[in-house]
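# Observations on the model geometry
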Amino acid sequence: TAALPLFLRARPWRWPAPDRILLTWCAVLSIPGYNIPVALGARMVPASHLGLLIATEPVFIVVLTLILKHQRIGWRVMVGSALALTGVFLTSLAPTSPQDFSWLSTLQVLGGAASWSCYTVLATRLNQRYGALGVTGAILVVGTVALLAMSAPMLGAASMPDPTTIWLLAGMGLASSMLGFL
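As a starting point, this report considers the structure included with it. (Residues numbered from 1 in each chain as written. Predicted model: local features only at pLDDT ≥ 70, side-chain atom pairs only at ≥ 80, totals over all residues. Heavy atoms only, no water.)

### Considering helix H3 (residues 32–41)
- In terms of burial, H3 is largely enclosed, as seven of its ten residues are buried.
- Here H3 has its buried residues at Pro32, Gly33, Tyr34, Ile36, Pro37, Val38 and Gly41.
- Buried residues along H3 sit against helix H2 (17–30), helix H4 (47–54), helix H5 (57–69), helix H7 (103–122) and helix H9 (132–151). (Buried < 20%, exposed > 50% of the residue type's maximum accessible area, 1.4 Å probe, protein only. Helix = DSSP H or I, 4+ residues; strand = E, 2+ residues; numbered from the N terminus. Contact = heavy atoms within 4.5 Å.)

### With respect to the packing of aromatic side chains
- One pass over the structure, following the stated rule, counts four aromatic pairs.
- An angle of 65 degrees between the planes, with centres 5.6 Å apart, marks the rings of Tyr34 and Trp116 as edge-to-face. Placement of the pair is Tyr34 in helix H3 and Trp116 in helix H7, with a sequence separation of 82 residues.
- For Tyr34, a relative accessible area of 18% puts it in the buried group.
- Given the relative accessible area of 21%, Trp116 is considered partly exposed.
- Within the aromatic cluster, the residues linked to one another by ring pairs are Tyr34, Trp116 and Tyr119. (Phe/Tyr/Trp six-rings, centres within 6.5 Å; stacked < 30°, edge-to-face > 60°.)

### A closer look at the pattern of salt bridges
- Going through the model one piece at a time under the given rule, you end up with two salt bridges.
- The partner of Arg125 in a salt bridge is Asp19, and the shortest N-O contact between them spans 2.8 Å. Residue Arg125 is found in helix H8 (residues 124–130), and its partner Asp19 is found in helix H2; the two are separated by 106 residues along the sequence.
- Here Arg125 falls in the partly exposed class, since its relative accessible area comes to 31%.
- A relative accessible area of 1% places Asp19 in the buried class. (Salt bridge = Lys/Arg side-chain N within 4 Å of Asp/Glu carboxyl O.)

### Some details on a nonpolar patch on the surface
- A contiguous nonpolar patch, built from Val63, Leu66, Ile67, Leu68 and Met78 and spanning about 390 Å² of accessible area, is present on the exposed surface.
- Among the elements that line the nonpolar patch, the one with the most residues is H5, at four residues.
- Taking the relative accessible area as the measure of exposure, Leu66 reaches 30% and is therefore partly exposed. (Patch = residues over 30% accessible without salt bridge, like charges linked within 9 Å, V, L, I, M, F, W, Y side chains within 5 Å. Areas by Shrake-Rupley, 256 points an atom, 1.4 Å probe, with all protein chains shown as cover.)

### Regarding the nonpolar core
- Of all hydrophobic cores here, the largest spans 21 residues; its most connected members are Trp15, Leu23, Cys26, Tyr119, Leu126 and Ile139.
- Where this core is concerned, the elements lending two or more residues are helix H1 (4–10), H2, H7 and H9.
- Setting aside anything within four residues of it in sequence, one finds Leu126 in contact with Trp15, Asp19, Leu22, Leu23, Cys26, Gly131 and Val135.
- In terms of nonpolar packing, the next biggest core, distinct from the first, is built from seven residues, Val38, Val45, Val88 and Val109 among them. (Core = buried A, V, L, I, M, F, W, Y, C linked by side-chain atoms within 4.5 Å.)

### Thoughts on the environment of Leu52
- With respect to the element layout, Leu52 can be found in helix H4.
- When the C-alpha positions of Leu52 and Gly87 are compared, they lie 9.3 Å apart, and in sequence the two are 35 residues distant.

### Some remarks on H4
- Within the span of H4, buried status applies to His49, Leu50 and Leu53. With its buried residues spanning 105 degrees around the axis, H4 presents them on a single face. Exposed residues on H4 whose side chains face more than 90 degrees from its buried face are Ala47 and Ser48. (Arc of directions from axis to C-beta.)

### Describing the environment of Val28
- Mapped onto the elements, Val28 comes out in helix H2.
- Classification of Val28 as partly exposed rests on a relative accessible area of 24%.
- The spatial distance from the C-alpha of Val28 to the C-alpha of Thr144 is 8.6 Å, given a sequence separation of 116 residues.
- Dropping the residues within four chain positions of it, Val28 is found in contact with Gly33, Ala146 and Met150.

Here it is in C-alpha coordinates:
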(Lines give C-alpha, C1' and ligand atoms only; values in the text may rest on other atoms or scores of the structure.)
Protein backbone atom coordinates (compact mmCIF):
# COMPACT_ATOMS: atom_id res chain seq x y z
CA THR A 1 0.00 0.00 0.00
CA ALA A 2 2.92 2.36 0.64
CA ALA A 3 4.01 2.08 -3.00
CA LEU A 4 0.61 2.94 -4.49
CA PRO A 5 0.95 6.73 -4.09
CA LEU A 6 4.37 6.60 -5.74
CA PHE A 7 2.98 4.37 -8.48
CA LEU A 8 0.09 6.78 -9.10
CA ARG A 9 2.42 9.78 -9.04
CA ALA A 10 4.78 8.16 -11.57
CA ARG A 11 1.89 7.36 -13.98
CA PRO A 12 3.69 4.53 -15.77
CA TRP A 13 0.66 3.96 -17.99
CA ARG A 14 1.63 7.26 -19.68
CA TRP A 15 5.23 6.23 -20.30
CA PRO A 16 6.28 5.32 -23.85
CA ALA A 17 5.78 1.64 -24.69
CA PRO A 18 9.50 0.72 -24.54
CA ASP A 19 9.71 2.15 -21.02
CA ARG A 20 6.58 0.27 -19.92
CA ILE A 21 8.07 -2.95 -21.27
CA LEU A 22 11.32 -2.25 -19.43
CA LEU A 23 9.33 -1.50 -16.27
CA THR A 24 7.58 -4.86 -16.57
CA TRP A 25 10.87 -6.70 -17.02
CA CYS A 26 12.43 -4.88 -14.07
CA ALA A 27 9.38 -5.63 -11.91
CA VAL A 28 9.44 -9.34 -12.78
CA LEU A 29 13.21 -9.59 -12.25
CA SER A 30 13.20 -7.74 -8.93
CA ILE A 31 10.17 -9.09 -7.10
CA PRO A 32 9.25 -12.63 -8.23
CA GLY A 33 12.60 -13.16 -9.98
CA TYR A 34 14.37 -12.68 -6.68
CA ASN A 35 11.85 -13.84 -4.09
CA ILE A 36 10.71 -17.14 -5.61
CA PRO A 37 14.13 -18.71 -6.27
CA VAL A 38 15.59 -17.45 -2.99
CA ALA A 39 12.60 -18.72 -1.00
CA LEU A 40 12.77 -22.12 -2.71
CA GLY A 41 16.55 -22.34 -2.35
CA ALA A 42 16.49 -21.24 1.29
CA ARG A 43 14.77 -24.48 2.23
CA MET A 44 17.98 -26.47 1.67
CA VAL A 45 20.77 -23.88 1.94
CA PRO A 46 22.11 -23.28 5.45
CA ALA A 47 21.54 -19.72 6.68
CA SER A 48 25.29 -19.09 6.83
CA HIS A 49 25.60 -19.87 3.12
CA LEU A 50 22.37 -18.15 2.14
CA GLY A 51 23.61 -14.71 3.13
CA LEU A 52 26.91 -15.35 1.44
CA LEU A 53 25.26 -16.42 -1.82
CA ILE A 54 22.96 -13.39 -1.82
CA ALA A 55 26.02 -11.20 -1.24
CA THR A 56 27.19 -12.08 -4.76
CA GLU A 57 24.80 -9.44 -6.13
CA PRO A 58 27.51 -6.75 -6.49
CA VAL A 59 29.63 -9.13 -8.57
CA PHE A 60 26.66 -9.94 -10.79
CA ILE A 61 26.02 -6.19 -11.15
CA VAL A 62 29.60 -5.66 -12.34
CA VAL A 63 29.36 -8.49 -14.88
CA LEU A 64 25.93 -7.41 -16.13
CA THR A 65 27.08 -3.79 -16.42
CA LEU A 66 29.89 -4.98 -18.66
CA ILE A 67 27.57 -7.13 -20.76
CA LEU A 68 24.41 -5.02 -20.95
CA LYS A 69 25.71 -1.47 -20.68
CA HIS A 70 29.11 -1.96 -22.33
CA GLN A 71 30.65 0.24 -19.65
CA ARG A 72 34.27 -0.06 -18.70
CA ILE A 73 35.04 -1.22 -15.20
CA GLY A 74 38.38 -0.47 -13.54
CA TRP A 75 40.89 -3.20 -12.74
CA ARG A 76 40.34 -2.77 -9.00
CA VAL A 77 36.66 -3.58 -9.33
CA MET A 78 37.51 -6.60 -11.48
CA VAL A 79 40.12 -7.88 -9.01
CA GLY A 80 37.76 -7.23 -6.09
CA SER A 81 34.95 -9.10 -7.84
CA ALA A 82 37.22 -12.05 -8.60
CA LEU A 83 38.36 -12.18 -4.97
CA ALA A 84 34.76 -11.97 -3.76
CA LEU A 85 33.66 -14.84 -6.01
CA THR A 86 36.65 -16.90 -4.95
CA GLY A 87 35.72 -16.28 -1.31
CA VAL A 88 32.12 -17.30 -1.92
CA PHE A 89 33.23 -20.44 -3.71
CA LEU A 90 35.73 -21.44 -1.03
CA THR A 91 33.32 -20.71 1.80
CA SER A 92 30.61 -22.69 0.05
CA LEU A 93 32.91 -25.70 0.12
CA ALA A 94 33.05 -25.56 3.92
CA PRO A 95 31.88 -28.81 5.46
CA THR A 96 28.18 -29.13 6.00
CA SER A 97 26.14 -32.19 6.61
CA PRO A 98 25.32 -33.93 3.31
CA GLN A 99 21.57 -33.65 3.81
CA ASP A 100 21.93 -29.87 4.30
CA PHE A 101 23.61 -29.21 0.95
CA SER A 102 21.97 -29.07 -2.45
CA TRP A 103 23.52 -27.74 -5.65
CA LEU A 104 20.05 -27.06 -7.04
CA SER A 105 19.14 -24.92 -4.03
CA THR A 106 22.47 -23.10 -4.26
CA LEU A 107 21.83 -22.37 -7.94
CA GLN A 108 18.30 -21.17 -7.12
CA VAL A 109 19.66 -18.65 -4.62
CA LEU A 110 22.35 -17.51 -7.07
CA GLY A 111 19.66 -17.21 -9.74
CA GLY A 112 17.66 -14.93 -7.45
CA ALA A 113 20.75 -12.81 -6.79
CA ALA A 114 21.46 -12.62 -10.53
CA SER A 115 17.85 -11.65 -11.23
CA TRP A 116 18.01 -8.82 -8.69
CA SER A 117 21.30 -7.66 -10.16
CA CYS A 118 19.88 -7.65 -13.68
CA TYR A 119 16.99 -5.49 -12.50
CA THR A 120 19.47 -3.11 -10.84
CA VAL A 121 21.39 -2.62 -14.07
CA LEU A 122 18.32 -2.37 -16.32
CA ALA A 123 16.42 0.09 -14.10
CA THR A 124 19.11 2.75 -14.45
CA ARG A 125 17.49 4.32 -17.53
CA LEU A 126 14.06 4.42 -15.89
CA ASN A 127 15.49 5.99 -12.74
CA GLN A 128 17.20 8.69 -14.80
CA ARG A 129 14.01 9.49 -16.74
CA TYR A 130 11.32 9.25 -14.06
CA GLY A 131 13.08 9.46 -10.71
CA ALA A 132 13.92 6.70 -8.26
CA LEU A 133 10.80 7.06 -6.09
CA GLY A 134 8.32 6.81 -8.94
CA VAL A 135 10.17 3.94 -10.56
CA THR A 136 10.42 2.16 -7.21
CA GLY A 137 6.69 2.52 -6.62
CA ALA A 138 5.88 1.30 -10.12
CA ILE A 139 8.23 -1.67 -9.86
CA LEU A 140 6.84 -2.65 -6.46
CA VAL A 141 3.22 -2.55 -7.58
CA VAL A 142 3.76 -4.32 -10.90
CA GLY A 143 6.21 -6.79 -9.34
CA THR A 144 3.87 -7.63 -6.47
CA VAL A 145 1.02 -8.33 -8.89
CA ALA A 146 3.37 -10.55 -10.90
CA LEU A 147 4.52 -12.33 -7.73
CA LEU A 148 0.94 -13.00 -6.67
CA ALA A 149 0.10 -14.32 -10.15
CA MET A 150 3.19 -16.55 -10.29
CA SER A 151 2.76 -17.79 -6.74
CA ALA A 152 -0.90 -18.75 -7.03
CA PRO A 153 -0.24 -22.09 -8.79
CA MET A 154 2.30 -23.01 -6.09
CA LEU A 155 -0.34 -22.79 -3.39
CA GLY A 156 -2.80 -25.54 -2.76
CA ALA A 157 -6.49 -24.70 -2.63
CA ALA A 158 -6.60 -25.55 1.06
CA SER A 159 -3.70 -23.21 1.86
CA MET A 160 -5.27 -20.20 0.18
CA PRO A 161 -6.10 -17.49 2.74
CA ASP A 162 -9.24 -15.40 2.65
CA PRO A 163 -9.23 -12.19 0.52
CA THR A 164 -8.69 -9.92 3.53
CA THR A 165 -5.55 -11.81 4.49
CA ILE A 166 -4.29 -11.67 0.91
CA TRP A 167 -4.71 -7.88 0.85
CA LEU A 168 -3.00 -7.55 4.23
CA LEU A 169 -0.08 -9.69 3.09
CA ALA A 170 0.20 -7.74 -0.17
CA GLY A 171 0.19 -4.47 1.79
CA MET A 172 2.83 -5.69 4.22
CA GLY A 173 4.93 -7.00 1.33
CA LEU A 174 4.71 -3.71 -0.50
CA ALA A 175 5.52 -1.69 2.62
CA SER A 176 8.54 -3.78 3.59
CA SER A 177 9.81 -3.95 0.02
CA MET A 178 9.36 -0.19 -0.29
CA LEU A 179 11.61 0.36 2.70
CA GLY A 180 14.12 -2.07 1.26
CA PHE A 181 14.19 -0.28 -2.08
CA LEU A 182 14.75 3.11 -0.49
